[in-house]
Every structure is written in structure tokens, then in C-alpha cells.
Amino acid sequence: MTGVSLAVGVGLICALLSALGTNLAFLFKHRGAVAAPDVDMRHPLRSAIDLFRSRWWSIGWGVAAGAFALHVAALTLAPISIGQAVLAGGLVFLAVLAERFFGFELGRRQWIGIGLVAVSLGLLTLTGGGGGEAHSGYSLAGMIIFEGIAVCVGLLLVLSHLIDRIPVQRGVLLGIAAGLAFGISDVAIKALSGDLDSGPVGLLSPWTVIVLTAAVFSFYASARSLQIGDGVVVIAVTSVAANLSTIVAGLAVFGDRLGNGPFVIGVRVAAFGLILAGAALIPAPVRAGDALQETALEAEGPTTSPAPNRTSEAKRSPQAPARSH
């Protein structure tokens, strides 16, 4: 195995571990977000403090930090489109963790989906994970167009979230917006990894500003989406939005190749298709989302009085919009 292939293999392992940690962190953060006072963007510092006072949010944040470090390693070592395809398989971990730790059984359809995703990950690994070395070279025009479109769509979703008459679940809209912000951050990190070849001075880059801005936005958007939406559904749409946007960027902005020959290209296209099919067959176990809401207050204790009203309202009318801030 060449040095490049070894690096890509390590990158794929990092991506798998990151997917596991990310979904576990999301489940923990959902517990904490439901139990914490409502996020109010008029008071961002107070909202952040309230979230971190929640034990489960803090635990989830710590797990997420470790998963993020693995994510950065995956982006650095593996082609971005392939690494994100592996991260997209995190929906499998979401379903399994919800069942294993919250007492719910997956049906036959869900297990078929898990099998499809497992096979697709194996195909990506066996075919070398990306047709070449992970590179951070990119088209500046393509980067500007991609980031600009993603930002505009994210802002439209946030504005749509504020309109009560829109029939879509508002937590889902915010979850998609948060996922796009994660994607924007991932693409900027990939570009920044090339600038770091010149040393720490590479951090003085416009991409650093984009990474930090997207991180702050995703922090609040994700927290609020977990508060007002069905937890596991929101986690799923956030992950899908983040992964699909970054896969598109890998192919369109960074010039990732699907392969060097018709057979390899065909196998990898099939692998991507299996990931999407598997994800479609593993709908978020809504029962687990309900269980997470029920256990959040028990885990946090009597200091989380705002949560019971929000949770009980969501159970009585899942489609009813929560109050805006």
C-alpha cells in the first residue's frame, strides 16, 4: 500500500469514528437542549451559558469536540467527497444508538438500510477511497459560488423558520440551515488546510473567518432546532444537509475524481447510491426522539422548568410552531 493510499485509509477510519461521535454527541445535546431554556438570539451569551449549564449539553459538546477533531483529520487525509460519503453513513449510528441506548427496536426495513450503507462503505474502502491523493487545491470562483449559494439558502431557511404560516416543521428548517452551515465550515476547513502548509501564518486567511462565523451560526441554529423539532428527525436532516453539500463541493470545487476507469467509477457511483438508499431506508426512529424528550427532565433534575411546557406542547401537536425569538 502506497503512502497516499495509507493516508486515505486512515482518513476514512477517522471519518467513521467522527460519524459515530457526532451522532452520539447530537443525542446528548438533544437531551440538554430540550431541558435548557429557549435559545434567544437577542441574548446570545445568556443562551450559550444556559445551554452549557445543562449537563447533557456539556457532555455532548465535549464528545462533539473530539468528533470534530477526527472530522478535520478526515478532511485533511481523504478526498472531501469520499470522506463526507463515509460521514453520511452516520445515519446508521444514529439509528443503532437510539435503539441500543433508548430501548427501541429497528424494523426489517431499517436493518436492510444498515446493510446497504455497510456494503457501500466497504466498496468505497476497497476501491481506494477517492481515486488519488487528498488535495486542498480548489477553484476560487467555484468556492465563492458554492459558499454564496449555501449562505443564501441558509438565510432563506432561517427567514422561513420565522414565518408561522409555513406548514413545514420549523425545527426541520433550522436543522437544514445548521447542516448547510456545517457544510460551509467543512469546505472552508478543507481550503484552509492547504494554506497551513506555509505554517501558522496560514490561519490569517478569509477561510478562518468563514469557519468561525459558520461555527457560531450552526451552534445556535442547531441548538434551537433540537429544542423545537423532533430530535432524531432534526439530527438526520442536519447530517444529510451537511454531508450532501460537502460532497457536492468536493466534486465541483475541489475537483475530486470518482475514479480512473469505468469499473472503479461505476463501483463508486453505486456506493454513493447505496448510501443514499440506505439513508432513505433508515428513517429517524421517532419513538426514540419521544423517549429522549421524556428522559431529558429526569436527567437534568428540577432546575429545568422551561422544558416541560415545550415538550408537552410538542407531543400534543408536533406540527404546531414554537414561539420565535
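The shown structure was predicted, so the numbers you read here are calculated from the model rather than taken from an experiment.

Looking now at the packing of aromatic side chains. Given two aromatic rings, their pairing is described by the distance between the two centres and the angle made by the two planes. By the definition in use, this model includes six aromatic pairs. Plain terms: the ring middles of Phe52 and Phe219 are 5.9 Å apart, the flat faces sit at 15° to each other, and that makes the pair stacked. Placement of Phe52 in helix α2 (residues 44–53) and of Phe219 in helix α9 (residues 206–228) is noted, with a sequence separation of 167 residues between them. Judged by relative accessible area, which is 34%, Phe52 ranks as partly exposed.

On the surface, Ile145, Ile149 and Val153 cluster together to form a nonpolar patch covering roughly 270 Å² of accessible area. When you line up the elements, Ile145 lands in helix α7 (residues 140–161). For Ile145, a relative accessible area of 52% corresponds to the exposed category.

The share of residues in the protein with pLDDT of 70 or more is 73%, and the mean pLDDT across the chain is 76. The least confident element of the protein is helix α13 (residues 306–316), whose mean pLDDT is 41; the most confident is α2, at 94. Note on residues 129–133: pLDDT is under 50 here. Beyond four places in sequence and across chains, it has 18 contacts. Note that pLDDT drops below 50 for residues 284–289; the model gives that stretch 15 contacts with residues more than four away or on any other chain.

This part takes up the environment of Leu20. Within the secondary structure, Leu20 is located in helix α1 (residues 3–35). The spatial distance from the C-alpha of Leu20 to the C-alpha of Leu97 is 9.0 Å, given a sequence separation of 77 residues. Sequence-distant contacts of Leu20, defined by excluding residues within four places in its chain, comprise Phe93 and Leu97.

Charged atoms that come close allow side chains of opposite charge to pair. This model, assessed by the stated rule, comprises three salt bridges. For the salt bridge of Arg42 with Asp40, the shortest nitrogen-to-oxygen distance reads 3.1 Å. Using a relative accessible area of 7% as the deciding quantity, one classes Asp40 as buried. Measuring nitrogen to oxygen at the nearest pair gives 3.8 Å for the salt bridge that ties Arg53 to Asp50. Note that Arg53 and Asp50 are positioned in helix α2 at a spacing of three residues, about one turn of the helix. You can call Arg53 exposed: its relative accessible area is 65%.

The next subject is the nonpolar core. Ranked by size, the top nonpolar core spans 19 residues in total, and within it Leu27, Leu51, Trp57, Leu94, Phe219, Leu226 and Ile235 carry the most contacts. Residue assignment for this core shows that the elements contributing at least two residues are α1, α2, α5 (90–102), α9 and α10 (231–252). When near neighbours in sequence (up to four residues on either side) are disregarded, Ile235 contacts Asn23, Phe26, Leu27, Leu94 and Leu226. Residues Leu75, Ala191, Trp207 and Ala249 belong to the second largest nonpolar core, which totals 14 residues.

Here is what the cut-offs are and how they apply
Numbers given to residues run from 1 along each chain, matching the order in which its sequence is written. With the structure being a predicted model, the display of local features is reserved for residues of pLDDT at least 70 and the display and counting of side-chain atom pairs for 80 or more, all residues being used for whole-chain, interface and lining totals. The side-chain quantities take in all heavy atoms of the structure and omit both hydrogens and water. Pairing of aromatic rings covers Phe, Tyr and Trp, the last counted by its six-membered ring, and requires centre-to-centre distances within 6.5 Å; plane angles under 30 degrees mean stacked, over 60 mean edge-to-face, and any other angle means tilted. Numbering of helices and strands starts at the N terminus; helices are DSSP runs of H or I of at least 4 residues and strands are runs of E of at least 2. Each residue's exposure class comes from its accessible area (1.4 Å probe, protein chains only) as a fraction of the maximum for that residue type: buried when under 20%, exposed when over 50%, partly exposed otherwise. Candidates for patches are residues over 30% relative accessible area with no salt bridge; among them, like charges are joined within 9 Å and nonpolar side chains (Val, Leu, Ile, Met, Phe, Trp, Tyr) within 5 Å. With residues, only the protein chains shown are counted as cover, and all accessible areas are computed by Shrake-Rupley using a 1.4 Å probe. What counts as a salt bridge is simple: a side-chain nitrogen of Lys or Arg found within 4 Å of a carboxyl oxygen of Asp or Glu. By definition, pLDDT measures how confident the predictor is in each residue, and it falls between 0 and 100. Any two residues whose heavy atoms approach within 4.5 Å are treated as being in contact. Only buried residues count toward a nonpolar core. Its members are Ala, Val, Leu, Ile, Met, Phe, Trp, Tyr and Cys residues joined through side-chain atoms within 4.5 Å.

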